[in-house]
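# Fold and contact review
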Amino acid sequence: MAAPDRVERIVIENCSIATVDADDTEYASGHVVVAGNRIEHIGAGRAPEGLENVVRRIDGAGHLVTPGLINTHHHFYQWITRGLATDHNLFDWLVALYPTWARIDEPMVRAAAQGSLAMMARGGVTTAMDHHYVYPQGSGDLSGAIIGAARDMGVRFTLARGSMDRSRKDGGLPPDFAVETLDGALAATEATIDAHHDGSFDSMTQIAVAPCSPFSISTELLRQGAELARRRGVRMHTHGSETVEEEKFCHELFGMGPTDYFESTGWLGNDVWMAHCVHMNDSDIAAFARTGTGVAHCPSSNARLAAGIARVPDMLAAGVPVGLGVDGTASNESGELHTELRNALLINRLGAHRERALNARQALRLGTYGGAQVLGRADQIGSLEVGKLADLVLWKLDTLAHSSIADPVTALVFGAAAPVTLSLVDGKTVVESNHLTTVDEDAIARTTRDEARRLAQIAAGA
């Protein structure tokens, strides 16, 4: 931050505020003052008088301010294979798409990352995450392309550097030419940490170690991946307990269920989060709670692939950290996280807890503070509190879509997707009046369309 007497300030007033702090503090009409990249003041009524260097003052009437949304699971590259295999379960979907995904290259991955990031950022995401695990030989610097796209967009970002070393010849799902060697994957992951990880308070880029899933990685890659992550002090991510087919696979191959298998390889702990976790029994949930292992809940993708309904209410009751994920846009074609607030609430009400499964404020917490917990950044982002980083969203709730819903949080979660009047990341404007300010949306649309066609042509000729 700049020196206190030089720092520039943004003042937002006359708006509803949901802080999502530990007490769920809310203000029907309040203010937020951003100084540099930090939240300086927040409270009821108007901002303090006499603030210096106010470069912008915003009348937030008809709006709700929340923490920026935090995405905890995604596969950006899938942006250029949207709309395919639309009637498949997970295993059949993977078998259908792996041959195409194995032919991606650096321009394709950069374009796909731009499309994925743009869609999320325009919808209120201020911290994004990508689990990228397909690294075909000779495809270029895919990790650098993804990180560069996030830097250009201006969002906070975690790259979960994924890997696969179990191909069809070893009993896995990916084609033989789509995987790395054990040593190659570990070396490339550590090189990515060396080149890009920033562990500072206001870091814009962090790296996690992220072997893909039990049916595409060896046990040794899991074990050595955990050792690498803990030696380097970074977080760990993978897919877990997504489908009944995965449960069967683990019992047949390892003689135990996914959670016990992960624990046997060092993959439970407060530095770990897993995507999906749909098929968890009481013992599995207790193990996650005991170890502090987090969950990325992806309700739309789970429904798209007919995976099932995750036991989110039971996880939360047990103390498991839970955030929300878009998942890849080949299994959630909208690519938006703000719609997941609503879908998480509605889909979980189809489960055992019915109307008591989740409420609007719990859904908002999943998409904000819960995500910060899962990414290990709850002291920095995820709630609006003095001293935290200035990642926030000003949602417009006075249009026809929300005009008759009195409670703003209910309007945001239960109602139609709300326009974003302003999104700040690190105190800088990323979205203004529902449009991105850092990139050209139309250019991204053209580029992603062209790269999707190129990939389809290459795959068809293979």
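What comes next concerns the included structure. Along every chain, residues carry numbers that run from 1 in the direction the sequence is written. With pLDDT at 70 or above as the cut-off, local features in this predicted model cover only qualifying residues; side-chain atom pairs require 80 or more to be listed or tallied, and sums for whole chains, interfaces and linings still use all residues. The basis for the side-chain values is all heavy atoms of the structure; hydrogens and waters are excluded.

### Focus on the overall build of the protein
Along the backbone of the protein there are 14 helices and 17 strands. This radius of gyration counts C-alpha atoms alone. The globule rule is 2.2 Å times how many residues there are, raised to the power 0.38. Its C-alpha radius of gyration of 21 Å places the protein within 12% of the 23 Å reference for a compact globule of 462 residues. Considering only C-alpha atoms, the protein reaches an extent of 70 × 45 × 45 Å along its principal axes. When the 462 residues of the protein are sorted by exposure, 58% land in the buried category. For the protein, contacts bridging at least 24 residues in sequence account for 74% of all contacts bridging at least 6. Accessible surface, the protein as shown: approximately 16800 Å² in total, 49% of it carbon and sulfur. In this tally, Lys and Arg are treated as positive and Asp and Glu as negative; His is ignored, and so are the chain termini. Positions of charges follow a simple convention, taking NZ of Lys, CZ of Arg, CG of Asp or CD of Glu. A distance of 2 Å separates the average location of the 39 positive side-chain charges in the protein from that of its 57 negative side-chain charges. Strands are runs of DSSP state E lasting at least two residues, helices are runs of H or I lasting at least four, and both sets are numbered from the N terminus onward. To sort residues, take the accessible area from a 1.4 Å probe on protein chains only and compare it with the maximum for the residue type: under 20% means buried, over 50% means exposed, and anything in between is partly exposed. Whether two residues are in contact is decided by their heavy atoms: any pair within 4.5 Å suffices. Working definition of accessibility: Shrake-Rupley area with a 1.4 Å probe, residue cover restricted to the visible protein chains.

### Topic: the sheet that holds strand 7 (residues 125-132)
With parallel pairing, eight strands are arranged side by side in an open sheet as 6-7-8-9-10-11-12-13. Since the sheet does not close on itself, it has two edges, and those belong to strand 6 (69-70) and strand 13 (322-324), each with one partner. In this scheme, strands are said to pair when DSSP sees at least two bridges between them. Pairing of strand 6 with strand 7, which is carried by two bridges, proceeds in the parallel orientation. Residue pairing across strands places I70 opposite T127, the latter belonging to strand 7.

### Regarding the nonpolar core
Nine residue types can take part in a nonpolar core, namely buried Ala, Val, Leu, Ile, Met, Phe, Trp, Tyr and Cys, and a core is a set of them joined through side-chain atoms within 4.5 Å. Of all hydrophobic cores here, the largest spans 107 residues; its most connected members are W93, W101, L117 and M315. With eight residues, helix 2 (residues 106-122) is the single largest residue contributor to this core. The residues touching W101, leaving out its near neighbours within four places in the chain, are Y77, Q78, T81, W93, L94, Y133, V134, P136 and A330. Residues I12, I42, I58 and V65 belong to the second largest nonpolar core, which totals 16 residues.

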